[in-house]
Structures are given as structure tokens and as C-alpha cells.
Amino acid sequence: MRDSNFLIENNARHLWHPMAHPAEMQAKPPKIINAAEGVEVVDIHGKKVLDAVGGLWNVNLGYSCEPVKQAIREQLDELPYYSTFRGTTNSPLIELSYELAEFFKADGLTRSFFTSGGSDSVETALRLARQYHKINGQPERTKFVALKKGYHGTHFGGASVNGNANFRRNYEPLLPGVMHLAAPYPYRNPFNTSDPAEIAAAIARQFEDEIAFQGADTIAAFIMEPVLGAGGVIVPHESFMPLMRDICDRHGILLVADEVICAFGRTGAWTGSRGWGVKPDLMSTAKAITNGYFPFGAVMISDKVAQVFEADKTTFGSIGHGYTYSGHPVGAAAALATLKETLRLNVAANAAARGEELNRGLAALKDKHELVGDVRGKGLMAALELVSDRAKKSAASKDAVAKVYETAYEAGVMVRTSGNNVIISPPLVITAADVARIVSALDAGLSAAEGK
């Protein structure tokens, strides 16, 4: 590794960063993270900060999870790679498919298709949804319905069902035949109410109206995150996902749960769908499946969908889809070790308990700081929405949001900003003391942004 002077000099000079403007990164280079331990990361200057971003929603077990690291080391020595395309597989993958079927049994999901990450998993789910209907003799079911503010990755299919213009506008035209319903967002919505149950019912009516307009026999699937993550941690009313499940069932539409963020305990339940009492037809997962230590993902498939594919005697049932790294043996070994540790530590229970503490702390910040317009959260995913005027709900300036971020970092906590939202998604193994540290750093950041 070259010395720190070289790294600082060349930071953002020869690469483009995801989700950032190249010129902005060159003008203000990103923080260089050089090390990590426990729930903290260390930058190139030696500053240690609590990682309240959890990598990118994915380092649920923290950075010192030795069983996962050891599993990766051992698998690299045993079998570093082999393809799982037609005719070959590997031992850890077979074991992982069994363990995932056990883990997701309560969600009604018993088969898996392996991918390289979240965007891949969403793309796979969309493809399988269309294929399912073709096998069933309904080839016109090609359209998708999604939610505004939803985030579903960056492939063309995922970007098409994304509900945020930031991920769409510069890449249009996208996939035709995609409709978006309103987000279940009490703070901002078109229904002139802040009652979450009324909003859920209104969106359900919107869905029914769209189905009547499009024709149910043209719609393949409805896709949603159980809690909308990158769109600002929007928590639907408890009735919302069950309402959508019921509508899908009545019209023969598949329900795809995008749980790339929510699965494996982040919401305080083992899956977001399970927390709302819903069994999806397909579920996209990734991120925490290997604790962020290896790029890996899985689409979980329900019995209903699996039976249609497995009973097919035509070419329509053949899956002409996959990735070079689908079912990578090192990723499978990492996922096996991660799942074992995830269950042993019961991180879902800790996420629920620490999440309650975090949300109480964030609510107290709202009471104290006019800059905070709204506080939202479920388990260990939370957001502060920052505003310049509470009455008008006008978004806080970019400079104000940046001030919160930088001051919180100086106070020892890494947070994430997205638009005028400050997003919190720490490892699921944090303690009550860590929660207090996050709230204290945000308090300092908000005070600085308000000029106090």
C-alpha cells in the first residue's frame, strides 16, 4: 500500500464514486476509511468514529465478526471459485440453500436463486415474475406496479421500478409498463391527511383503480420494501402491506418484497414482511446476508411460484438468467457463517430494543431543534428529515445538511445524508451506550447547523 500522502493526493482523481457527482468528489474528496473494528471505522488520519451507517445498511454484525472472516479464509483455500451454471454446483451452496429454506420457512419461501448483490436480486425477481405468468399461459402479464420513494437498485429493471427521480431522470427512457403509486408517507402525501391508516387505505384504492385501468391480466407483479429505506426510511402503517397482499391475491398479481435492506433483522423482525404478517411470492435479499464481507445475494421463492416452474414440461420453465458469480462458494461460506452468527446473537431482538431507544432519542432532538421536521424509524433504520421552515415543510439547504454531517463526524459518529434526510442504519449489535453516542453527535450537528 502506498503512503498516506499518495492516497490523499489521488483521492477521487482516477475513479468515479457511486451516487455522487464526479466534479463534486474532486472538489471535496470523500473520507478515506482505512480500518474498522467492532462498530467503529478509522479514517486515514487515525480518527475513529462509530459507524451509524452500518457500511451501507449491511454490516449487521460489525467489523470484527471472526467466524465470517474465518469461513472466507478457509473457503478460499478449499475452492476459491467455480460456476453454478447448468451441470455444476458447490458444497457450501447446497448447505446454504437448505439453511435459507429453514430461515425463511415462516415467510413461505423455500427455494433460492443466488446473485451478486441487491440490484441483481431485484432484476432476478422481476424476470422470474414475468416468466411465472408465461408458464401459466398469461404472457400479457408484463407490467409492474411500485411505490414512489421506493428504492430497488440500479439495473434498468430496478431503476424502472424505483420511485425516486434521482435514480431515473438521467437514464430515461426506462422499462415501459411501470406504474407508481403514492408512498405511504404521513409527512408528505397527496391525500391531505397525516393519518397512516387513512393513507394506507387511500393507496390501496389507488392500486385498485390502476388495476382496473391497466387490466389485471397485464400486470405481473407489485414490488415494495416493507420499510422504504433509501427513500427516507418511510414506515407504512401496519395495515398497508397486508392490504397490498390481499389486492395482489384477488387479481393474480405476484407480490415481490424487496428486503435487500430489511431482511435478517434490521426492522426488529427477522424479515420486514414477517413483521407485517405477510408472505410474499418472491423476496430479494443481499447486503446483510454476508455481513457486507462478500458481494452476494439471494432471491427467495415461494412454494406457489416454485411449483409452477418445477411442474413445467416446456421451455418456458427453463431459467435463461444468471450471473458469473451466482452461488459463489466463498460467498456461500460467508453467508452460512453470517446466518449462524445472526441467529446466535438474536440481532432482531437487539434491533427492536435499541431501535426503541434510538427513536426516543431522535424524537427528543425534534423537540429541541427546529431544523428537524420529521422523525421516522423501525428497528435500527431511522431518519431525520431536515427542514428550513416547519410550517411550510421546505427542505433544509444542502449546506445545513452538510453541516450536520460534518459536525456529527467530528463528534465521533458517521451518519449518512440523502437529500434533506439524515439516515441512521448502524450495525445490529450496537449497545445502549452506542445509541446515546449517536444521538449526542446528532445533537451537536443540529446545533451547529442552527448556529447555536
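These numbers were taken from a predicted model, which means no experiment stands behind them.

## Some details on the overall build of the chain
Looking only at helices and strands, one finds 15 helices and 16 strands in the chain. Taken against the 2.2 N^0.38 rule, which gives 22 Å for 452 residues, the C-alpha radius of gyration of the chain at 22 Å falls within 12% of a compact globule. For the chain, the spread of C-alpha atoms along the three principal axes comes to 70 × 60 × 40 Å. A fraction of 72% describes how many contacts in the chain between residues 6 or more apart in sequence connect residues 24 or more apart. If you sum the accessible surface of the chain, you get close to 19800 Å²; carbon and sulfur atoms cover 52% of it. Across the chain, 46 positive and 49 negative side-chain charges occur, with their mean positions spaced 3 Å apart.

## Details of the packing of helix H8 (residues 196–214) against helix H9 (residues 240–251)
Running from N to C, H8 and H9 point in directions that differ by 20 degrees, and their axes come no closer than 9 Å. Compared by their axis directions, H8 and H9 come out roughly parallel. Both H8 and H9 take part in a crossing whose hand is right-handed. Between H8, through Ala200, Ala201, Ile203, Ala204, Phe207, Glu208 and Ile211, and H9, the contact on the second element is made entirely by Phe240, Leu243, Met244, Ile247, Cys248, Arg250 and His251. Among the residues making up the contact of H8 with H9, the classes are represented as 11 nonpolar, one polar and two charged.

## Notes on helix H11 (residues 303–311)
What H11 keeps buried is the set Val305, Ala306, Val308 and Phe309. All buried residues of H11 project into a common sector of 160 degrees when viewed along the axis, lining one side. In H11, those exposed residues whose orientation departs by more than 90 degrees from the buried face are Gln307 and Ala311.

## With respect to the nonpolar core
Of all hydrophobic cores here, the largest spans 109 residues; its most connected members are Leu100, Phe207, Phe222, Leu386 and Leu442. Broken down by element, this core gets its largest block of residues, seven residues, from helix H12 (residues 329–344). Leaving out residues up to four positions away in the same chain, Leu100 has contacts with Phe114, Phe264, Ile289, Ala298, Met300 and Leu339. Counting residues in each nonpolar core, the second largest holds 24 residues, with Val178, Leu254, Ile301 and Val308 among its members.

## Side note on the sheet that holds strand S2 (residues 40–43)
As summarised here, the arrangement of the four strands in space is S1-S2-S3-S14, forming an open sheet in which the pairing is mixed. Every other strand in the sheet has two partners, leaving strand S1 (33–37) and strand S14 (413–414) as the edge strands with one partner each. Here strand S3 (residues 48–51) runs beside S14; their pairing, made up of two bridges, is parallel. Paired with Leu50 across the bridge in S14 is Val413. Against the sheet, helix H15 (residues 432–449) engages S2, S3 and S14, with an angle of about 105 degrees to S3.

## Side note on the sheet that holds strand S9 (residues 282–285)
Pairing in this open sheet of seven strands is mixed, and the strands run S4-S10-S9-S8-S7-S5-S6 from one edge to the other. The outermost strands of the open sheet, each flanked by one partner alone, are strand S4 (109–115) and strand S6 (178–181). Strand-to-strand twist in this sheet, taken as the mean axis angle between neighbours without regard to direction, amounts to 20 degrees. In this structure, S4 lies alongside strand S10 (residues 297–302), joined through six bridges in antiparallel fashion. Along S10, the bridge assignment pairs Thr115 with Gly297.

## Brief notes about the environment of Val59
Within the secondary structure, Val59 is located in the loop between helix H3 (54–57) and helix H4 (66–78). In this structure the C-alpha to C-alpha distance between Val59 and Ala441, which are 382 residues apart in sequence, comes to 21 Å.

## Here's the deal with the pattern of salt bridges
Applying the stated criterion across every chain yields a total of 21 salt bridges. Of the charged contacts in the structure, one is a salt bridge between Arg188 and Glu385, with a shortest N-O distance of 2.7 Å. Of this pair, Arg188 sits in the loop between S6 and H8 while Glu385 sits in strand S12 (residues 381–389); the two residues are 197 residues apart in sequence, bridging distant segments of the chain. With its nearest N and O atoms 2.6 Å apart, the salt bridge here joins Glu208 to Arg250. With Glu208 in helix H8 and Arg250 in helix H9, this residue pair connects regions lying 42 residues apart in the sequence. Owing to a relative accessible area of 24%, Glu208 belongs among the partly exposed residues under this scheme. Counted as one network, the salt bridges with shared partners bring together Arg188, Asp374, Arg376 and Glu385.

Conventions and cut-offs
- Residues numbered from 1 in each chain as written.
- Predicted model: local features only at pLDDT ≥ 70, side-chain atom pairs only at ≥ 80, totals over all residues.
- Heavy atoms only, no water.
- Helix = DSSP H or I, 4+ residues; strand = E, 2+ residues; numbered from the N terminus.
- Rg over C-alpha atoms; globule rule 2.2 N^0.38 Å.
- Contact = heavy atoms within 4.5 Å.
- Areas by Shrake-Rupley, 256 points an atom, 1.4 Å probe, with all protein chains shown as cover.
- Lys, Arg positive; Asp, Glu negative; His and termini not counted.
- Charge placed at Lys NZ, Arg CZ, Asp CG, Glu CD.
- Axes fitted to C-alpha atoms, helices over the stretch in contact; angles between N-to-C directions.
- Parallel < 35°, antiparallel > 145°, perpendicular 65-115°, else oblique.
- Left-handed = near helix turned anticlockwise from the far one by under 90°.
- Nonpolar A, V, L, I, M, F, W, Y, C, P; charged D, E, K, R; others polar.
- Buried < 20%, exposed > 50% of the residue type's maximum accessible area, 1.4 Å probe, protein only.
- Arc of directions from axis to C-beta.
- Core = buried A, V, L, I, M, F, W, Y, C linked by side-chain atoms within 4.5 Å.
- Pairing = 2+ DSSP bridges.
- Salt bridge = Lys/Arg side-chain N within 4 Å of Asp/Glu carboxyl O.

In short, shape yes, function no, at least from these values alone.
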